[in-house]
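Listed below are the residues making up each chain.
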Amino acid sequence: MLLHIVFLISLLLSTYSNASVQDFCVADLKGADGPAGFPCKPPATVISDDFVYPGLAEAGNVTNIINAAVTPAFVGQFPGVNGLGLSAARLDLGPGGVIPLHTHAGANELLLVIHGHITAGFISSGNIVYQKTLKKGELMVFPQGLLHFQVAAGKKGALAFAIFSSANPGLQILDFALFASNFSTPLVTKTTFLDPALVKKLKGVLGGSG
Ligand SMILES: *[C@@H]1O[C@H](CO)[C@@H](O)[C@H](O)[C@H]1NC(C)=O
Ligand SMILES: *[C@@H]1O[C@H](CO)[C@@H](O)[C@H](O)[C@H]1NC(C)=O
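Only a predicted model underlies this, so the values are computations on that prediction, with no experimental measurement involved.

**Things to note about the pairing of strand S9 (residues 158–164)**
Working step 1: Taken across its seven residues, S9 has five buried, putting it largely inside the fold.
Working step 2: Two strands pair when backbone bridges link them, and strand S2 (residues 87–93) and S9 are joined in this way by seven bridges, in the antiparallel orientation. Paired with alanine 89 across the two strands is alanine 162, which belongs to S9.
Working step 3: Sheet analysis places strand S4 (residues 109–115) next to S9, joined by six bridges and oriented antiparallel. Opposite leucine 112, over in S9, you have phenylalanine 161 as the bridge partner.

See below:
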């Protein structure tokens, strides 16, 4: 019996020490990004600044067609999150600003409103819309892969931060995929049932071709 316990404890200890052989894996962005992330920078060259990202301190420039800016702190900008399964972004919304319908194929999202009001929501696989107007301090989650949006509510702009459950959440914006790409007008029309004149107009606005 005692032997069994000693054996179990040593097994647990060895599992534990195997799991903690590597504290971190700061991305070497010169390496190739794979499903397991980037290769690690040699630990001897890692410095404190590798674990700090100052890039979300500044407001993004909202002088654009969506009157909004998303500033990412994904692994590409913030190599310290490599392998940690999380990352962040800053959302600046001018008055009337909108983050158009988009998905993150690789991450759940947690949104925290810092100031202003944001109407946010997502559409489930069953085509049910879950939406809410959020105020300062409120959180909303957006499950991985589902289409979702954020819109400034009221007359003022808003600020929010998003936390993602992946170092590399991915981002695909539906309107940009359709109208800023080289997806041909006849096929966009065919696959979306939209009017060709509208498709051409949106391609003109968003810079798509074909
Ligand atoms: C914001 O972007 C607009 C449009 O690209 C540009 O004209 C303007 O100079 C930028 N503002 C700042 C503060 O960078
Ligand atoms: C879109 O453009 C890319 C290159 O930019 C090209 O490889 C691809 O074949 C194009 N697709 C269509 C449908 O024209």
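Now, onward.
**Some points on the UniProt feature "domain: Cupin type-1" (unreviewed entry) in the chain**
Working step 1: Under the UniProt annotation, "domain: Cupin type-1" (unreviewed entry) lies at residues 54–200.
Working step 2: Note that residues 54–200 is 13% helix and 39% strand, and that its end C-alpha atoms are spaced 40 Å apart.

**Details of unusual backbone geometry**
Working step 1: The phi dihedral of asparagine 67 falls on the positive side, at around 55°, and the residue is not glycine.
Working step 2: In this fold, asparagine 67 is placed in the loop between helix H1 (2–19) and strand S1 (68–73).
Working step 3: A positive phi angle, near 65°, is found at phenylalanine 193, a position not held by glycine.
Working step 4: With respect to the helices, strands and loops of the structure, phenylalanine 193 is situated in the loop between helix H3 (185–192) and helix H4 (196–206).

**Describing the UniProt feature "binding site: oxalate" (unreviewed entry) in the chain**
Working step 1: Following the UniProt record, the feature "binding site: oxalate" (unreviewed entry) maps to His104 and Glu109 here. In the annotation above, His104 and Glu109 are the residues that line the largest cavity.
Working step 2: On the secondary structure map, histidine 104 appears in the loop between strand S3 (98–103) and S4.
Working step 3: Here histidine 104 is in contact with Glu109, Gln144, Gly145, His148, Phe164, Pro169, Gly170 and Leu171, once residues within four sequence places are set aside.
Working step 4: Looking at where glutamate 109 falls in the secondary structure, it is placed in strand S4.
Working step 5: Here glutamate 109 falls in the buried class, since its relative accessible area comes to 3%.
Working step 6: Among all residues touching glutamate 109, those that are not within four sequence positions of it are His102, His104, Met140, Val141, Phe142, His148, Gln150, Ala162, Ile163 and Phe164.
Working step 7: Here the side chain of glutamate 109 touches histidine 104 through a polar contact of 3.0 Å, side chain to side chain.

**Some thoughts on the side chain of arginine 90**
Working step 1: Checked against the element boundaries, arginine 90 lands in strand S2.
Working step 2: Of the residues examined, arginine 90 reaches a relative accessible area of 8% and is grouped as buried.
Working step 3: Among the polar contacts listed, one links the side chain of arginine 90 to the backbone oxygen of leucine 56, at a separation of 2.9 Å.
Working step 4: At 2.8 Å, the side chain of arginine 90 and the side chain of aspartate 92 are in polar contact.
Working step 5: With sequence-adjacent residues up to four places away left out, arginine 90 is seen in contact with Leu56, Ala57, Glu58, Ala59, Gly60, Ala69, Val70, Thr71, Leu159, Ala160 and Phe161.

**Some words on the packing of aromatic side chains**
Working step 1: With the rule as written, the count across this model stands at five aromatic pairs.
Working step 2: Here tyrosine 53 and phenylalanine 78 contribute two aromatic rings whose centre-to-centre distance is 5.5 Å and whose plane-to-plane angle is 25°, an arrangement assigned as stacked. Of this pair, tyrosine 53 sits in the loop between H1 and S1 while phenylalanine 78 sits in the loop between S1 and S2; the two residues are 25 residues apart in sequence, bridging distant segments of the chain.
Working step 3: For tyrosine 53, a relative accessible area of 28% gives the class partly exposed.

The rules we used
- Residues numbered from 1 in each chain as written.
- Chains lettered and ligands numbered in written order.
- Predicted model: local features only at pLDDT ≥ 70, side-chain atom pairs only at ≥ 80, totals over all residues.
- Heavy atoms only, no water.
- Buried < 20%, exposed > 50% of the residue type's maximum accessible area, 1.4 Å probe, protein only.
- Helix = DSSP H or I, 4+ residues; strand = E, 2+ residues; numbered from the N terminus.
- Pairing = 2+ DSSP bridges.
- UniProt positions renumbered as here; feature names shortened; annotations may be inferred.
- 1 Å grid on protein atoms, 1.4 Å probe; cavity = no way out; pocket = protein on both sides within 12 Å on 5 of 7 lines; lining within 4 Å.
- Contact = heavy atoms within 4.5 Å.
- Polar contact = N/O pair within 3.5 Å; in protein donor to acceptor, adjacent residues only side chain to side chain.
- Phe/Tyr/Trp six-rings, centres within 6.5 Å; stacked < 30°, edge-to-face > 60°.

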